[in-house]
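Spelled out from the first residue to the last, the chains are:
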Amino acid sequence: MAATEETTSRQPEGSGPASDDGGAGEAGGGAGEAGGGAPPEAPVPAPVPAPPPGPDGTRMPRWLPRAVLLVLALVACFQLGSWAFHQLIGLLINILIAFFLALAIEPAVARMSARGMRRGLATFLVFLGVFVASAGFVVLLGSILAAQIVDLVEGFPGYLDSVIGSINDTFHTDLSRLDIQDSLLHSDWLQKYVQNSASGVLDVSATVLGGLFKLLTIGLFSYYFAADGLRLRRALCSVLPPAKQAEVLRAWEIAVTKTGGYLYSRGLMALVSGAAHYVCFAVLHVPYAPALAVWVGLVSQFIPTIGTYLAGALPILLAFTVNPWYALYVLGFVVVYQQFENYVLQPKLTAKTVDIHPAVAFGSVIAGTALLGAVGALIAIPAVATLQAFLGAYVKRYAVAEDDASGGSATPSRRRRVRIPGLR
């Protein structure tokens, strides 16, 4: 009897009310059913049939066909873009040349436009000056080649007679120039050479026409880039946020300054070099001294580092025809002037325009030549100078502390700034 009472006292207190609530819930449910019944349930969608299993019993994931199609589409787009890029590589190179040419003449066009002249007319006048200077250089260089060819043709019979005479005296033969000419004119080798030359003339003509078309393309694009430079910058900046607009305009101004400064400083050094070499050629009575001076001035300045030696090869050869000692004198003058230009003239003229290390300039020319050939060699230095000036604002530099005599770093009281050449 005592055990029964103890079990009854341990029973959870909520068991009684819970049964009452359950009864009440059932009563409420009955009342709900009596009041109109539960709302109709939504129709259950039919299950999607799973893909059939593979041979090994596994099923293919549903995302795999879509991923395969996406990969194929990306590969097709890449192949199409690669094909289009290779087809348009010539046009892109011409546009790049035109852009750098427009940057080079931008300071002159802007200066003339600031004085009230229309920008299109200013660009036309600058291009006219460049065309006249280029045509004059070609005419001067062509005069050298034409004169040398005429001299060679006029002196060829005498040279051939001397060669035949030396052969007859040495080998005791009886050769004559007329017999050799007849045998050459009636030989099969000469006929085949004339036929091949006829087809080669067509190839040369096509090459010349292609070159003229490229020059016309570069001229048109550079004219539009220079004449509509302000509008082009405005259109480019209109699609960028204000912060990016400031960076683009800053990079554009740096490119204009560096490219224009590079070409103008090189033009000035070409003028000085041409005048100095003309004096040397005139004193030594080297033929075609004015044309050779223009040749040396332009080639030596627009082919960095080794341009002076390449340009000096032609006047050395012509001086050798006058006197072998004159060729040696010309070589010595070329070497001495190169040292004067590297250590005296060039640092003063390019300190504010293209201030880059000679090793960096030479390496950039080699890299540009490997990438774009002669075009890369011409635009490598201004491109590297622009990049160096643009990144210079984002590179943080620190003062360099001088080490003491013991080899350790200097104490804070003795620490001072040391200016290293080229480090700003």
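Residues numbered from 1 in each chain as written. Predicted model: local features only at pLDDT ≥ 70, side-chain atom pairs only at ≥ 80, totals over all residues. Heavy atoms only, no water.

1. Topic: the nonpolar core
A general trend in soluble globular proteins is that nonpolar side chains are found buried together.
Link 1 in the chain: One finds Phe281, Leu284, Val286, Leu292, Ala319 and Val330 to be the most contacted residues of the largest nonpolar core, which totals 16 residues.
Link 2 in the chain: At the level of secondary structure, the elements contributing two or more residues to this core comprise helix H9 (242-283), helix H10 (289-302), helix H11 (307-322) and helix H12 (324-349).
Link 3 in the chain: Setting aside chain neighbours within four positions, we find Phe281 in contact with Val286, Ala289, Leu292, Ala293, Val296, Pro315 and Val330.
Link 4 in the chain: In this structure, Ala102, Ile105, Ala108 and Phe127 belong to the second largest nonpolar core, which totals eight residues. (Core = buried A, V, L, I, M, F, W, Y, C linked by side-chain atoms within 4.5 Å. Buried < 20%, exposed > 50% of the residue type's maximum accessible area, 1.4 Å probe, protein only. Helix = DSSP H or I, 4+ residues; strand = E, 2+ residues; numbered from the N terminus. Contact = heavy atoms within 4.5 Å.)

2. Some details on the packing of H10 against H11
Link 1 in the chain: Where H10 meets H11, the axes come as close as 7 Å, and the angle between the chain directions of the two elements is 160 degrees. With respect to each other, H10 and H11 are oriented roughly antiparallel. Crossing geometry of H10 relative to H11 is assigned as right-handed. On H11, the residues touching Leu292, Trp295, Val296, Val299 and Ser300 of H10 are Gly307, Thr308, Ala311, Leu314, Pro315 and Leu318.
Link 2 in the chain: Partitioned by chemical class, the residues of the contact of H10 with H11 number eight nonpolar, three polar and no charged. (Axes fitted to C-alpha atoms, helices over the stretch in contact; angles between N-to-C directions. Parallel < 35°, antiparallel > 145°, perpendicular 65-115°, else oblique. Left-handed = near helix turned anticlockwise from the far one by under 90°. Nonpolar A, V, L, I, M, F, W, Y, C, P; charged D, E, K, R; others polar.)

3. A word on H11
Link 1 in the chain: Taking 1.5 Å of rise per residue, 16 residues should cover 22 Å, and H11 covers 24 Å from first to last C-alpha, within 8% of that figure.
Link 2 in the chain: Where H11 bends most, the angle comes to about 30 degrees, and this point is Ala313, followed within four residues by the proline Pro315.
Link 3 in the chain: Regarding H11, the residues found buried are Gly307, Thr308, Ala311, Gly312, Pro315, Leu318 and Ala319. (Expected span 1.5 Å × (residues − 1). Bend = angle between axes of the 7 residues up to and from the residue.)

4. Structural notes on a nonpolar patch on the surface
Link 1 in the chain: On the surface, Ile303, Ile306, Tyr309, Leu310, Trp325, Leu328, Tyr329, Leu331, Val335, Phe362 and Ile366 cluster together into a nonpolar patch covering about 1,000 Å² of accessible area.
Link 2 in the chain: Put simply, the parts of the chain that give the nonpolar patch at least two residues each are H11, H12 and helix H13 (358-372).
Link 3 in the chain: The element best represented in the nonpolar patch is H12, accounting for five residues.
Link 4 in the chain: Following the sequence through the fold, Tyr309 ends up in helix H11.
Link 5 in the chain: You can call Tyr309 partly exposed: its relative accessible area is 38%. (Patch = residues over 30% accessible without salt bridge, like charges linked within 9 Å, V, L, I, M, F, W, Y side chains within 5 Å. Areas by Shrake-Rupley, 256 points an atom, 1.4 Å probe, with all protein chains shown as cover. Salt bridge = Lys/Arg side-chain N within 4 Å of Asp/Glu carboxyl O.)

5. Re the packing of aromatic side chains
Link 1 in the chain: The full count for this structure, using the stated rule, is nine aromatic pairs.
Link 2 in the chain: On the numbers, 6.1 Å between centres and 85 degrees between planes, the contact of Phe99 with Phe225 is edge-to-face. Of this pair, Phe99 sits in helix H4 (residues 89-114) while Phe225 sits in helix H7 (residues 188-227), placing them 126 residues apart in sequence.
Link 3 in the chain: Residue Phe99 is classed as partly exposed on the basis of its relative accessible area of 27%.
Link 4 in the chain: When the ring of Tyr326 is compared with that of Tyr329, the centres are 6.3 Å apart and the planes differ by 35 degrees; the resulting orientation is tilted. One end of the pair, Tyr326, and the other, Tyr329, are both in helix H12, three residues apart, so they sit about a helical turn from each other.
Link 5 in the chain: Grouped by ring-pair contacts, the aromatic residues Phe99, Phe100, Phe221, Phe225 and Trp252 constitute a single cluster. (Phe/Tyr/Trp six-rings, centres within 6.5 Å; stacked < 30°, edge-to-face > 60°.)

6. Some details on the confidence of the model for the chain
Link 1 in the chain: With 74% of its residues at a pLDDT of 70 or more, the chain shows a mean pLDDT of 75.
Link 2 in the chain: Below a pLDDT of 50 lies the segment residues 404-424, which in the model reaches 20 contacts outside its immediate sequence neighbourhood of four places, other chains included. (pLDDT = per-residue confidence, 0-100.)

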